[in-house]
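Chains, contacts and geometry: an overview
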Amino acid sequence: MRTMQGIDTRRRLVRGLLVRLGAFTVAFALAVWGARAMFGDALSAVIADVTSVWVEVPEESVDLYRMLGYQEDSMADGYYRFRDLSDYRAVVSVIEGPVVWSAFTAGLVVISALWCARAAREVDELTWAVSEMGTGAVPELPAHLGAAHVELERLAERDRARERAAQAAEQRKNELVAYLAHDIKTPLTSIVGYLALLAEEPGLPEDTRARYAGTALAKARSLDAMMDEFFEITRYNLGAMPVERERVDAGLLVRQIADELYPQAQARGVSIEVDAPEGACAFIDPDKMARALANIVRNAVAFADRGSAVRCLLEQEGSMTRFVVSDRGKEISPAHLERIFERFFREDGARGARHGGAGLGLAIAREIIGAHGGTVAATSEGGVTTFTVEVPTGLA
């Protein structure tokens, strides 16, 4: 374990083992000392009596036995008594050496084994708790495993979050299929209907045939643009969006977008006004940023009042480049503003489905701007709706 809980657990186990080994060492030493004080003399006498015998020695041999280190006893029947304690000393040395140290070592081994068994029980409890997490809840653990219980709760919450995310992703996929089916069906039904009229009514007047064919073509182009949006958002969902920045004349970029959308604006009786200083440069991906800004300007053109102007303003302040797009039309409520950048959001009462499209343009714009490290926001007051895009200028 490399977490703080793992480090704390190791420290607690090592500290507990050392404390118990130390306590056992002190207790063992006191026990040996006490046994020697209470039973040492009696035990020594018993061992000596068992391992050696007294021999009677005449007076002329006493000095020799004394020199050899034999134990001397009181005289009996005019003889001195001596005994050889070499076997006694050998037995005592064994008891005080290997026997005592073996007992001490055995005690250390038993204590260590019992402590390891306790640690193994903790691992078993953790393993059991992890196995029970599959049921969605973490069982209670002993108090000394409180930190591990907290970590398991976090892991369980992450699993629940991943499950919720997977369910949300499944729901979004189902919504995508539903929206795709609905949005394709509507223009496709019109196309089929007009083409059927053209095929079944060969005697239609030429102007009617041209009108039906034009309507079918417009619906087909709308369907084609809708499919482009779906493919675009699907491509962005497959992974991180690649951004390839380069030094770009941001003012020229805005003017080019206005020129590209001029026919659409003219068809709706809307003008596009650009206020961008010359030489305003930014370090951005020109293709993707042009796509994002075009989606925002196209949205403004689609919902602006006839005879009004869509204003595109470029500003640079400090390390940020700001694009501001505003139009005058129907006001967007605060509730709809919070969702306007969501995929598939189209509100019939505001900037809604009657204008066509899959409701992905602003969502794609937000994806692109976010990939540049920027932000996009919308406000709507008094019928003036304003989109503000801010991205890092990115120039040293």
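So, a few notes on the structure that sits alongside this text. In this text the structure is predicted, and so the values were computed from the model without any measurement.

What follows covers the pairing of strand β8 (residues 320–328). Where burial is concerned, most of β8 is hidden: seven out of the nine residues are buried. Across seven bridges, the pairing between strand β7 (residues 309–317) and β8 is antiparallel. Following the sheet pairing, glutamine 316 is matched in β8 by threonine 321. The hairpin formed by β7 and β8 contains two residues between the paired strands, and glycine 318 there has a positive phi angle of roughly 65 degrees. Two elements, β8 and strand β10 (residues 384–392), share nine bridges in a ladder whose sense is antiparallel. Within β10, the position partnered with arginine 322 by the bridge is glutamate 390.

Looking now at the packing of aromatic side chains. Two measures describe an aromatic ring pair: the distance that separates the ring centres and the angle between the ring planes. Scanning all chains against the criterion turns up six aromatic pairs. A ring pair is formed by phenylalanine 28 and phenylalanine 104, whose centres lie 5.4 Å apart and whose planes are at 50 degrees; its orientation type is tilted. With a gap of 76 residues between them, phenylalanine 28 in helix α1 (residues 4–51) and phenylalanine 104 in helix α3 (residues 86–132) connect regions that are remote in the sequence. Side by side, phenylalanine 28 and phenylalanine 104 carry an identical accessibility label, which is buried. Plain terms: the ring middles of tyrosine 194 and tyrosine 212 are 5.3 Å apart, the flat faces sit at 50 degrees to each other, and that makes the pair tilted. With a gap of 18 residues between them, tyrosine 194 in helix α4 (residues 146–200) and tyrosine 212 in helix α5 (residues 206–237) connect regions that are remote in the sequence. Grouped by ring-pair contacts, the aromatic residues Phe24, Phe28, Trp101 and Phe104 constitute a single cluster.

Another aspect to go through is the nonpolar core. One finds Ile296, Val310, Phe323 and Val389 to be the most contacted residues of the largest nonpolar core, which totals 43 residues. When residues in this core are grouped by element, the largest group, eight residues, is from helix α8 (residues 286–303). When residues no more than four places from it in sequence are discounted, the contact partners of phenylalanine 323 are Ala250, Val254, Leu293, Leu313, Leu314, Phe387, Thr388, Val389 and Val391.

Before going further, it helps to spend a moment on the side chain of serine 308. For serine 308, the position within the fold is in the loop between α8 and β7. When sequence neighbours within four positions are dropped, the list of residues in contact with serine 308 reads Gly269, Val270, Ser271 and Arg328.

What follows concerns the sheet that holds β10. If you walk across this open sheet you meet the five strands as β5-β7-β8-β10-β9, and the pairing is mixed. Whereas interior strands pair on both sides, the edge strands pair on one side only; in this sheet they are β5 (271–275) and β9 (375–381). Across this sheet, the average inter-strand angle for adjacent strands is 15 degrees, counted without regard to direction. Contacts between α8 and the sheet are confined to β5, β7, β8, β9 and β10, with β8 contributing the most and set at about 20 degrees to the helix. Here helix α10 (residues 361–371) sits on the sheet in contact with β9 and β10, set at roughly 25 degrees to β10.

The rules behind these values
- Residues numbered from 1 in each chain as written.
- Predicted model: local features only at pLDDT ≥ 70, side-chain atom pairs only at ≥ 80, totals over all residues.
- Heavy atoms only, no water.
- Buried < 20%, exposed > 50% of the residue type's maximum accessible area, 1.4 Å probe, protein only.
- Helix = DSSP H or I, 4+ residues; strand = E, 2+ residues; numbered from the N terminus.
- Pairing = 2+ DSSP bridges.
- Phe/Tyr/Trp six-rings, centres within 6.5 Å; stacked < 30°, edge-to-face > 60°.
- Core = buried A, V, L, I, M, F, W, Y, C linked by side-chain atoms within 4.5 Å.
- Contact = heavy atoms within 4.5 Å.
- Axes fitted to C-alpha atoms, helices over the stretch in contact; angles between N-to-C directions.

Function-wise, these values are silent; they only describe arrangement.
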